[in-house]
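Descriptive analysis of the structure
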Amino acid sequence: MQKPIYFDFFATTPVDPRVAEKMMDCLTMEGNFGNAASRSHLYGWKAEEAIENARRQVADLINADPREIVWTSGATESDNLALKGVAHFYQKRGKHIITSKIEHKAVLDSCRQLEREGFDVTYLDPGSNGLTTPEAVANALREDTILVSIMHANNEIGIVNDIAGIGEVTRNAGVLFHVDAAQSAGKVPIDLALMKVDLMSFSAHKFYGPKGMGALYVRRKPRVRLEAQIHGGGHERGMRSGTLATHQIVGMGAAAEIAGEEMAGEAVRLKALRERFWEGISDIEEVHINGDREARLPGAMNVSIAFVEGESLIMSLKGLAVSSGSACTSASLEPSYVLRALGLSDELAHSSLRFSFGRFTTEQDVDTAVEQLRHAVEKLRELSPLWDMYKDGVDLDQVQWAAH
Amino acid sequence: MAYSDKVLDHYENPRNVGKMDANDTNVGTGMVGAPACGDVMRLQIKVNDEGVIEDAKFKTYGCGSAIASSSLLTEWVKGKNLDEAEMIKNSDIAEELALPPVKIHCSVLAEDAIKAAVEDLRSKRAGV
């Protein structure tokens, strides 16, 4: 069976073959398998050398000092460590945290946990374009605010927030600023020598590195303190214990280096693919782009196609691997909380599709997607009573529906 | 999600898609669900003078299971009288299509649709 064309690069990316090769050198007896904490022999020294090289590669991608990188198991752990670690360390200073309603669940659920521990959290509404502005953050600051956590790019709609602007607000107010950059790192430039960000989360598998690997940037000047969440041998300067996974770390480092080298060219290429896709479907009636048109990741396209339901649309797109904000594709039967926070009607949230383009997407892939999508929409609208009503001039908002 | 072959068959080749004149006194229309919930079904039945359903049409906005449930329903109701049609249970539909638990509500919606269509027809005839 031929596999569907992959358009879900925001869910995860394959490991780049160049990265996989380097990882495989760190596994077997012949390879660099040692424990970096072994100070007494060559195996340990070699592992440590590879890990410190990777630390520099990741730091270079974001223009940071390698000593500011803490290895974790992924962005979920990084978010947990940043939020809980900061909240626990600075709780005597205040107990108020600011975040947004469209953050990743790793941030939102960490905030919920902190609320249970007695912290007070403000969840900002993004604009209808999905953006959280520096002004919105400034207006939410209080005397007892200790931390602001706003994502760089949103995983569902791909919008990119002005984190440099938000950093100015938080630094002036003496409040720490955490950014979840899982989705943006390696795709758009990040310069932490310029941006006043104090903590930043990364995930290797979003930029062609391995799953189960991430990092947390923890600023040294001005110094940020954290209370560790995982205790043990005192690895990573006590912030995150656990034997370092050499092959995973080497993979993340290699992936970061490639992403840094190829970012500028890839951004142009992916943006062209995105626009080619949009040109191919924009003349379909009642198709809307979700999220800001300009401030978005190069490979991000989230569209709502009115009067057809997302899951049945995906069923029709058998040759394509895409994701939907429809309730029916989730276990909870709730439509996407991100799209709802943008003020989208439930109907349009149910009718949303996310296409994310990546390193291995070709023009031909995009053309195939356009063709299949057009065909599927035509078929499903033929089946849709809502489309009939729309065509008959019925205002669907005025209909008394029997909600169930 | 893995669908049963029967769901896929109805989804790929939906039976009796269409629309009848809702003002026809021999046509009963049942429209159930809501766009906000992610599914809306419109089921229409046409009844002859003997009270037997001779034709059925549907259109459904919803997931594959919702489309399959309504498509199956149009096949089942043809040739039945109104009382028999009302007896169709959601559990029969769910069983026939091997719907997973999370999709049972689609079959419930189909049962609601046929009940609503029969009721519409009866109230029309009572009014004549």
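See the structure shown above.
What comes next concerns the included structure.

Here we come to the overall build of chain B. Within chain B, the regular secondary structure consists of five helices and three strands. Ordered by position from N to C terminus, the α and β elements of chain B give α-β-β-β-α-α-α-α. By the compact-globule yardstick of 14 Å for 128 residues, chain B fits well, its C-alpha radius of gyration being 14 Å. The dimensions of chain B, computed from C-alpha atoms along their principal axes, are 50 × 30 × 20 Å. Burial status across chain B gives 52% buried among its 128 residues. Long-range contacts, defined as pairs at least 24 residues apart, comprise 62% of the intrachain contacts of chain B with a sequence gap of at least 6. Put simply, chain B shows about 5,300 Å² of open surface, and 50% of that area lies on carbon and sulfur atoms. Here chain B contributes 15 positively and 21 negatively charged side chains, and the mean placements of these two sets differ by 4 Å.

This paragraph deals with the overall build of chain A. Counting secondary structure elements, chain A contains twelve helices and 13 strands. The C-alpha radius of gyration of chain A comes to 22 Å, within 12% of the 22 Å expected for a compact globule of 404 residues. Residues counted as buried form 58% of the 404 residues belonging to chain A. Sequence separation of 24 or more characterises 72% of the internal contacts of chain A that already satisfy a separation of 6 or more. Accessible area of chain A: about 17,000 Å², with a carbon and sulfur share of 51%. Here chain A contributes 43 positive and 56 negative side-chain charges, whose respective centroids are spaced 7 Å apart.

A surface patch of like charges, here positive, comprises R220(A), K221(A), R223(A), R225(A) and R237(A). By secondary structure assignment, the location of R223(A) is in the loop between β8 (214–218) and α7 (246–281).

Residue and element names in this part refer to chain A. If you walk across this open sheet you meet the seven strands as β2-β8-β7-β6-β5-β3-β4, and the pairing is mixed. Single-partner strands in this sheet number two, and they are β2 (69–72) and β4 (120–124). Within the sheet, the average angular offset between the axes of one strand and its neighbour, ignoring direction, is 20°. Pairing between strand β5 (residues 145–149) and strand β6 (residues 176–180): three bridges, direction parallel. Among the inter-strand pairings, L147 is bridged to a residue of β6, identified as L176.

Between chain A and chain B, the residue contacts involve 29 residues of the former and 30 residues of the latter. Approximately 2,500 Å² of surface area, both sides summed, lies buried where chain A meets chain B, with 63% of it carried by carbon and sulfur atoms. Note that R42(B) is salt-bridged to D388(A), the shortest N-O span being 2.7 Å. Seen at the junction of chain A and chain B, the total is 17 residue pairs in polar contact (both at pLDDT 80 or more).

Now for the pairing of strand β7 (residues 199–203) of chain A. Moving residue by residue along a regular strand, the side chains alternate between the two faces of the sheet. Residues and elements named next belong to chain A. Most of β7 is tucked away, with five of its five residues classed as buried. Side chains of β7 alternate between two faces, with L199, S201 and S203 and M200 and F202 buried alike. In this structure, β6 lies alongside β7, joined through three bridges in parallel fashion. Paired with D180 across the strands is S201, a residue of β7. In this structure, β7 lies alongside β8, joined through five bridges in antiparallel fashion. Its bridge partner being in β8, L199 is matched across the sheet by V218.

Now for unusual backbone geometry. Most peptide bonds take the trans configuration, and most residues that are not glycine carry a negative phi. All names here are of chain A. Of note, the bond from K221 into P222 is cis; its omega dihedral lies within 30 degrees of zero at -10°. When you line up the elements, P222 lands in the loop between β8 and α7. Notably, E236 is not glycine yet its phi reads approximately 55°, a positive angle. Along the polypeptide, E236 turns up in the loop between β8 and α7. We note that E286 has phi near 55°; this positive angle belongs to a residue other than glycine. As for its position among the elements, E286 is in the loop between α7 and β9 (287–289). For E286, a relative accessible area of 30% corresponds to the partly exposed category.

Residues and elements named next belong to chain A. Of all five residues in strand β3 (residues 96–100), five are buried, a share of seventy percent or more. Both faces of β3 are covered, namely the face carrying H96, I98 and S100 and the face carrying I97 and T99. Taken together, the four bridges between β3 and β5 define a ladder with parallel strand orientation. Among the inter-strand pairings, I98 is bridged to a residue of β5, identified as V148. Alignment of β3 against β4, held across five bridges, turns out to be parallel. If you follow I98 over to β4, its bridge partner there is T122.

Scoring rules and cut-offs
- One numbering rule holds for all chains: residues counted from 1, following each sequence as written.
- The order in which chains are written sets their letters, starting at A; the order in which ligands are written sets their numbers, starting at 1.
- Residue-level local features of this predicted model are given only where pLDDT is at least 70; pairs of side-chain atoms are given and counted only at 80 or more, and the full residue set underlies all totals for whole chains, interfaces and linings.
- The side-chain figures draw on all heavy atoms in the structure; neither hydrogens nor water molecules are used.
- Secondary structure elements are taken from DSSP: a helix is a run of H or I of four residues or more, a strand is a run of E of two residues or more, and numbering for both begins at the N terminus.
- We take the radius of gyration over the C-alpha atoms and set the globule estimate at 2.2 Å times the residue count to the 0.38 power.
- Note on classification: 1.4 Å probe, protein chains only; a residue is buried when its accessible area is under 20% of the maximum for its type, exposed when over 50%, partly exposed between these limits.
- Here, residues are in contact when the closest pair of their heavy atoms is within 4.5 Å.
- In this description, accessible areas are obtained by the Shrake-Rupley approach with a 1.4 Å probe, and a residue is regarded as covered only by the protein chains that are shown.
- His is not counted, nor are the chain ends; Lys and Arg add positive charge and Asp and Glu add negative charge.
- Throughout, a charge is located at the NZ atom of Lys, the CZ atom of Arg, the CG atom of Asp or the CD atom of Glu.
- Patch definition: residues above 30% relative accessible area lacking any salt bridge, with like charges linked at up to 9 Å and the nonpolar side chains Val, Leu, Ile, Met, Phe, Trp and Tyr linked at up to 5 Å.
- For this analysis, a salt bridge means a side-chain nitrogen from Lys or Arg found within 4 Å of a carboxyl oxygen belonging to Asp or Glu.
- Pairs of strands are assigned from DSSP output, requiring at least two bridges between the strands.
- Here the axes come from fitting lines to C-alpha atoms, over the contacting stretch only for helices, and the angles between their N-to-C directions go from 0 to 180 degrees.
- Note: buried area is the sum, over both parts, of the accessible area (probe 1.4 Å) each one loses when the two are combined.
- N or O atoms closer than or at 3.5 Å make up a polar contact, with two conditions inside protein: a donor-capable atom paired with an acceptor-capable one, and, for residues adjacent in sequence, both atoms drawn from side chains.

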